[in-house]
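Survey of secondary and tertiary structure
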Amino acid sequence: MKFSAFISDALEQKGDCLVLPAFSEGQAEPVFDQADQVLSGALTARIKAGDYQAEAGKTFWLYPEGFPFSRVVVLGLGKRQEYSLAVARKAVRSLASTLKGSAAKTAVISLPAAADTEEDSRALTEALVLALHGATYEFNAYKSGKSDSKKISLSNIKLGLSNVALKQAREWVKQARAMAIGVELAKDLGNQPGNVCTPTFLTKQAKKIAKDHNLELETLGEKEMKKLGMNTFLSVSKGSTEEGQLIILQYKGGKSSDKSHVLVGKGITFDTGGISLKPGLNMDEMKYDMCGAASVLGTLLAIAEMKAPINVIGLVAAAENMPAGNASKPGDIVKSLSGQTVEILNTDAEGRLVLCDTLTYAKRFEPASIVDIATLTGACIVALGHHTSGMLANNDELAKELLDAGQQSGDRCWQLPLWPEYNEQLNSNFADMQNIGGPGAGTITAACFLSRFTEGMNWAHLDIAGTAWVSGKDKGATGRPVPLLTRYLLNKLNAG
Ligand code: BES
Ligand code: MN
Ligand code: ZN
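The rules behind the values
Residues numbered from 1 in each chain as written. Chains lettered and ligands numbered in written order. Predicted model: local features only at pLDDT ≥ 70, side-chain atom pairs only at ≥ 80, totals over all residues. Heavy atoms only, no water. Helix = DSSP H or I, 4+ residues; strand = E, 2+ residues; numbered from the N terminus. Rg over C-alpha atoms; globule rule 2.2 N^0.38 Å. Contact = heavy atoms within 4.5 Å. Areas by Shrake-Rupley, 256 points an atom, 1.4 Å probe, with all protein chains shown as cover. Phe/Tyr/Trp six-rings, centres within 6.5 Å; stacked < 30°, edge-to-face > 60°. Buried < 20%, exposed > 50% of the residue type's maximum accessible area, 1.4 Å probe, protein only. Lys NZ or Arg CZ within 6 Å of the ring centre and 35° of its normal. Polar contact = N/O pair within 3.5 Å; in protein donor to acceptor, adjacent residues only side chain to side chain. Pairing = 2+ DSSP bridges. Axes fitted to C-alpha atoms, helices over the stretch in contact; angles between N-to-C directions. Donors = N, O, S within 2.8 Å, 3.2 Å for Na, K, Ca; no water. Tetrahedral: all angles 85-135°; square planar, octahedral: opposite > 155°, others 65-115°. Near = heavy atom within 4 Å. Nonpolar A, V, L, I, M, F, W, Y, C, P; charged D, E, K, R; others polar. Domains from an automatic or database assignment. Buried area = accessible area lost by both parts, 1.4 Å probe. Salt bridge = Lys/Arg side-chain N within 4 Å of Asp/Glu carboxyl O.

Things to note about the overall build of the protein
Tallying secondary structure elements over the protein gives 15 helices and 19 strands in all. Whereas a compact globule of 496 residues would reach a radius of gyration of roughly 23 Å, the protein reaches 24 Å, a difference of no more than 12%. Expressed along its principal axes, the backbone C-alpha trace of the protein runs to roughly 80 × 50 × 45 Å. Put simply, of all contacts in the protein between residues at least 6 apart along the chain, 76% involve residues at least 24 apart. Carbon and sulfur atoms make up 50% of the accessible area of the protein, which amounts to about 20,800 Å² in all.

Structural data, given as structure tokens:
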């Protein structure tokens, strides 16, 4: 899909679909009034008749004659005094699905920002691009014959912005498009079945990104990891016939003297639970247990696509968690790369086992910050549901940056505490720690486990168990938290 920006009159743009914003209670935007005049009051007539209240996200179509656009869609934004970025996002999502279902090819869209700030205009532009790009996403790589989905006509979006220079508007659109491409990659990788998306497959994907965008790539197989002493990582992959992979992808857009920001992704390409086998219901969804890794690759792609002047390293801890004669057993004790020993009481708490060695590995980069992203605990879904990612950090400034980036990108997270009382739940009788912390506060104790491997680093953890994919009839990866992570990194640039 093509996106462009304009700052002049919407009615002067070319296209076969004009989107007009409307507020309830008759307060219209200038562009709405202008179009209404040309249409001799056809728009206001409909509102006056009481047939349309302009509730946020409500749309209606009009096919006027003698008008520069063959179709017009009026998009309700609710009451003017209640209009906010959140309302705009809701309306934009609904607009995206309306446009997707139409035969419109080129849509000209000019919506008012909620507040008169640059930040709000930028966020709205980003929301539009992500929603429109996302609405046309489909994953039907494995559907043979005729696909039952309707062909999508929408291919060209022209976004109107006011109170901003054209150069700035274009830059925002370019960044948002790159973000959307990163989200798309994360969705694509997540949706791949487990028999295709293996650790080696993820390595191949990283290779492709490295080649296309000039990133540096290094991968460690099991032999190399064994040599280093990454035994907690290997304790997970050893029951699988698929070889575990540590993927190291470096984007160097910044000065060589700038320290890198490191992203670490959990890449369990299928999580059966291992010997602590999971129940069968919905186990297929454990193909999504590599969505943290997918978000790392997606974010790197977005940043590289933008050519952002920043240094970012993506580490992907890729392995398959299987039961087998040689798989790890409950009670096994292994020595991590950090030298600390871990008693594996539950082989289904495997994410933290691959992550802890990867976090230790990351210390060599002396990261400016390090954020790991993982579908780590079912408990996070209990705590925050499917709207919000869990976030824990050993540094309040970093935590705030992630909260802000979530808010700004509409891809929100919420902080949980990392207090010492919780950490004690991990004490073991036989090793330096155990890999589970008992029934309560599962998301927190999982993060406490990771925190034992991040001392001296400016670290945060995102638990995306509830946000990385949706279940049910619309089952599919969401591409989250690529928007949050990309925004977080971009904010680093503006901070100087
Ligand atoms: N990948 C799962 C977490 C998960 C479960 C994410 C369901 C999304 C939906 C993780 O490896 C896991 O199995 N965690 C266990 C930890 C427990 C054994 C302490 C869990 O959440 O049950
Ligand atoms: Mn598990
Ligand atoms: Zn898992």
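Observations regarding the packing of aromatic side chains
The final tally for this structure, using the stated rule, is eight aromatic pairs. Aromatic side chains Phe139 and Tyr142 sit 6.1 Å apart centroid to centroid with 50 degrees between the ring planes, which places their arrangement in the tilted category. Assessed through its relative accessible area of 26%, Phe139 is described here as partly exposed. Geometrically, the ring pair formed by Phe449 and Phe453 is tilted, given 5.4 Å between the ring centres and 40 degrees between the ring planes. Across the pair, exposure class does not vary: Phe449 and Phe453 are buried alike. Geometry around Phe60 places Arg46 over its ring, the cationic atom sitting 4.1 Å from the centre. For Arg364, the ring lying beneath its charged end belongs to Tyr361, and the centroid distance is 3.8 Å.

What about the side chain of Thr272?
Mapped onto the elements, Thr272 comes out in the loop between strand S9 (261-271) and helix H9 (291-306). Relative accessible area serves as the criterion here: at 7%, Thr272 is assigned to the buried category. Within the structure, Thr272 has its side chain in polar contact with the backbone nitrogen of Gly274 (distance 2.9 Å). Excluding residues that lie within four positions of it along the chain, Thr272 makes contacts with Leu277, Lys278, Met283, Asn321, Met322 and Pro323.

Digging into the sheet that holds strand S17 (residues 459-463)
Strand order in the open sheet formed by eight strands is S7-S8-S10-S9-S13-S17-S14-S15, with mixed pairing between adjacent strands. Because the sheet does not close on itself, it has two edges, and the strands there are strand S7 (216-220) and strand S15 (413-415). Taken pair by pair, the neighbouring strands of this sheet meet at an average axis angle of 20 degrees, ignoring direction. Note that S9 and strand S13 (residues 369-374) share five bridges and pair parallel. Across the sheet, residue Val262 finds its bridge partner in S13, namely Ile370. Lying on the sheet, helix H12 (residues 396-409) is in contact with S13, strand S14 (389-393), S15 and S17; it crosses S15 at an angle near 155 degrees.

Some points on the coordination of the manganese ion (ligand 2)
Four donors placed tetrahedrally around a metal ideally meet at 109.5 degrees, and six donors placed octahedrally ideally meet at 90 or 180 degrees. Binding of the manganese ion (ligand 2) to the protein goes through Asp271 (OD), Asp348 (O), Asp348 (OD) and Glu350 (OE), at separations of 2.0 to 2.2 Å. In this structure, the manganese ion (ligand 2) is coordinated by six donor atoms arranged in irregular fashion, with angles at the metal of 70 to 167 degrees. Counting gaps between the donor residues of the manganese ion (ligand 2) yields the pattern D-x76-D-x1-E. For the pair the manganese ion (ligand 2) and the zinc ion (ligand 3), the metal-to-metal distance amounts to 3.2 Å, and Asp271 bridges them. Accessibility expressed as a relative area gives 22% for Asp348, which makes it partly exposed.

Side note on the environment of Met230
Position of Met230 relative to the elements: it lies in the loop between helix H7 (222-228) and helix H8 (231-237). Take Met230: its relative accessible area is 0%, and that puts it in the buried class. Through-space distance from the C-alpha of Met230 to that of Tyr361 is 8.7 Å; in sequence the pair is 131 residues apart. Each residue touching Met230, except ones within four places of it in the same chain, is listed here: Met225, Leu246, Leu337, Asp357, Thr358 and Tyr361.

Re the site of ligand 1
If you check the shell around ligand 1, you find 17 residues, and the closest are Lys278, Asp289, Asp348, Glu350 and Gly378. Computed on the free molecule, ligand 1 has an accessible area of 510 Å², of which 77% lies beneath the protein chains in the complex. At the level of elements, S9 and helix H11 (378-384) are the ones that each hand at least two residues to the shell around ligand 1. Taken together, the residues of the shell around ligand 1 sort by class into six nonpolar, four polar and seven charged.

Details of the domain arrangement of the protein
You can read the domains of the protein as domain 1 (2-162) and domain 2 (183-495). Here domain 1 and domain 2 have C-alpha centroids that lie 37 Å from each other. With 11 residues of domain 1 in contact, the opposing surface of domain 2 contributes 14 residues. Contact with domain 2 buries area across many residues of domain 1, yet Tyr137, Phe139 and Tyr142 alone supply 45% of it, more than any other trio. Between the two partners, domain 1 and domain 2, sit one salt bridge. Among the salt bridges present, the one from Arg487 reaches Glu126, with a minimum N-O distance of 2.8 Å.

Quick word on the coordination of the zinc ion (ligand 3)
Protein coordination at the zinc ion (ligand 3) comes from Lys266 (NZ), Asp271 (OD), Asp289 (OD) and Glu350 (OE), with a distance range of 2.0 to 2.4 Å. In primary-sequence terms, the residues that donate to the zinc ion (ligand 3) follow K-x4-D-x17-D-x60-E.

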